[in-house]
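Below, each chain spelled out in residue letters.
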Amino acid sequence: MSLDPATVRRIARLARIGIDESDLHALQGELNGILGWIEQLNEVDIDGVEPMVGTGHAALRMRDDVVTDGDARDAVLSNAPDAAGPFYTVPKVVE
Amino acid sequence: MMLTELTIAAAQDGLRRRDFSAVELVGAHIAAIERLNGRLNAFITVTADQAMDAARRADDVLAKGEAAPLTGIPLGIKDLFCTDGVRTTAASRMLENFVPPYESTVTANLLRDGAVFAGKTNLDEFAMGSANINSAFGAVENPWKREGEADTVLVPGGSSGGSAAAVAASLVMGATGTDTGGSIRQPASYCGIAGIKPTYGRCSRWGTIAFASSLDQAGPMARTVEDCAILLQSMAGFDLRDSTSVDCPVPDYRAACGRDLKGMKVGIPAEYRVAGMPAEIEAAWNKGIAWLRDAGCEIVEVSLPYTKYGLATYYIVAPAECSSNLARYDGVRFGRRVPAASLDEQYEATRRAGFGAEVRRRIMMGTYVLSAGYYDAYYLRAQKVRNLIRRDFERAFQQVDVLLTPTAPSPAFAQGEKMDDPVQMYLNDVFTVPASMAGVPAMSVPAGLSANGLPLGLQIIGRSFDEEAVLAAASAIERAASFTHRPALRAEVV
């Protein structure tokens, strides 16, 4: 599996990372290098093996459905790059 | 002996006996940071004033005879742990001005026990790297020098490179690290100190900036195994705020360091004898085997056949989780924003400017292996291979109590080496990644010097939640190695 420039652009778009045309060639080479190297996993027989999604030592815990935290609006907003009053701001999205 | 040469264990006693004050102890370390950090770049942020204030409070507590376990002990905190009111950057432009309004559980535990924070240590951006060259705040210099090469700058390893360099150079008595695929153990090995990655679930991940959530685990780094045990005692424990935190008792780690090893079974995994392993690494390993045998251990050859797939599996699983975790950096709620005309353009411009090259590469790799049409071929397959790797360890631990391997395939290399090809850089973690994949505890301990005078570490891997056996075996190696070498750049000489 080798990535062409269009696929690299598509991945960058999915990841919401801007790439310059000048980055494209180097990035394509690096990603293909890594993908070529991980191809080795194709030789492993994984028939009937369950995927491991975590170490499984902690079972998900239930707790009462009550508020345990909050009332910290100013702290939550304190790192916003551009807050307006009690709101985050974004560029206009509705024309 | 200078105050910066003391172990944490000795400093605890000295403070209680009032041989010296916390102000003197912390002051000596702050002065060392002021002399050496300009060169080593081990700290991104130094909190000298807060540290001296904390030292004065520690002296009040000590005067009343109410000392907590770490009262007055100066530590470095990897700049991946959120610290209330102190800038936390993850070594990224993205978080250059991020000041958390809360304290991570691990650092809160250390503060509860009286520790004094000297500052936030440098790292690879978002903990992604093995040489601490991927920091937006500049590379860290390893305080060690190759014999006869005083001008060659070596890397400290990564990602916890600032913590390792700071501890090795005696700028602090110990430090926190995090380990996702070797980020505590490999820099510990490169800098001639000890460091333990505890069992996944042992230390809370709450308030630690996430990289790969199924692998990330906090742990201590210090100059002795016992000091690591003292720090881990404070850092570890159940936390309701981390759903993967495990509710099991934290044993007395310090006591485990002195445990008799008679009858302990030590496994030597055949597959770790990789082709092309440098002779001096193999020699250090063989010495470690002999030391544990002399300490009364039974040495057993074991097999971990899927180990060789550990690294390739890791470089699917970790980027996948990273791409998901780092989606939060959107330029809206916190962190850097690069304004643009539309929201999508703002995301792309912000993430292009805020992330460094390695982080962008891993996010893109993770995005690809999770994308429609490729998920099964890459991500699902990797999760299945990960299960096979874990089963290898489970089978081995039916036969033996711990495993002994080298920590890294080489001593510290120079800045500029291994940097053209990401895969060559990834290979530094070939011995540390498998234990991360399985979630089991593992520790690096200094075992000797390479031919050109650089430290070499050995790795002890244990059963889940049996950090005690790991600490016991590492202590035995430490005693046998009597590693008293110190780096060229350190507080006592510069």
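Residues numbered from 1 in each chain as written. Chains lettered and ligands numbered in written order. Predicted model: local features only at pLDDT ≥ 70, side-chain atom pairs only at ≥ 80, totals over all residues. Heavy atoms only, no water.

Moving on to the interface of chain B and chain A. Where interface size is quoted, it is often the accessible area lost as the parts come together. Between chain B and chain A, the residue contacts involve 69 residues of the former and 53 residues of the latter. Of the roughly 5300 Å² buried between chain B and chain A, counting both surfaces, carbon and sulfur atoms make up 66%. The tally of links from chain B across to chain A stands at 7 salt bridges. With its nearest N and O atoms 3.6 Å apart, the salt bridge here joins A:D20 to B:R352. One can count 18 residue pairs in polar contact (both at pLDDT 80 or more) joining chain B with chain A. (Contact = heavy atoms within 4.5 Å. Buried area = accessible area lost by both parts, 1.4 Å probe. Salt bridge = Lys/Arg side-chain N within 4 Å of Asp/Glu carboxyl O. Polar contact = N/O pair within 3.5 Å; in protein donor to acceptor, adjacent residues only side chain to side chain.)

Side chains of a nonpolar character, in soluble globular proteins, are inclined to be buried together. B:F126, B:L171, B:F393 and B:L404 are the most contacted members of the largest nonpolar core, which has 186 residues in total. Those residues in contact with B:L404 that lie beyond four places of it in its chain are B:V266, B:G267, B:I268, B:P269, B:W285, B:G288, B:I289, B:L292, B:L458, B:Q459, B:I460 and B:I477. (Core = buried A, V, L, I, M, F, W, Y, C linked by side-chain atoms within 4.5 Å. Buried < 20%, exposed > 50% of the residue type's maximum accessible area, 1.4 Å probe, protein only.)

Moving on, we get to helix α3 (residues 48–63) of chain B. Residue and element names in this part refer to chain B. Along its 16 residues, α3 runs 22 Å from first to last C-alpha, staying within 8% of the 22 Å computed at 1.5 Å per residue. Within α3 the residues assigned to the buried category are A48, A51, M52, A54, A55, A58, D59 and L62. For α3, the angular spread of buried residues about the axis comes to 160 degrees, placing them on one side. Facing away from the buried surface of α3 by more than 90 degrees, the exposed residues are D49 and R57. Looking at the buried residues of α3, the elements they touch are α1 (8–16), α2 (22–40), β1 (43–46) and β3 (116–121). (Helix = DSSP H or I, 4+ residues; strand = E, 2+ residues; numbered from the N terminus. Expected span 1.5 Å × (residues − 1). Arc of directions from axis to C-beta.)

This brings us to helix α7 (residues 225–235) of chain B. All names here are of chain B. Within α7, 9 of the 11 residues are buried, which leaves it mostly tucked inside the rest of the structure. When we look at burial in α7, the residues that qualify are V225, D227, C228, A229, I230, L231, L232, S234 and M235. Where α7 ends, the next residue or the one after it, G237, has phi of about 135 degrees, a positive value.

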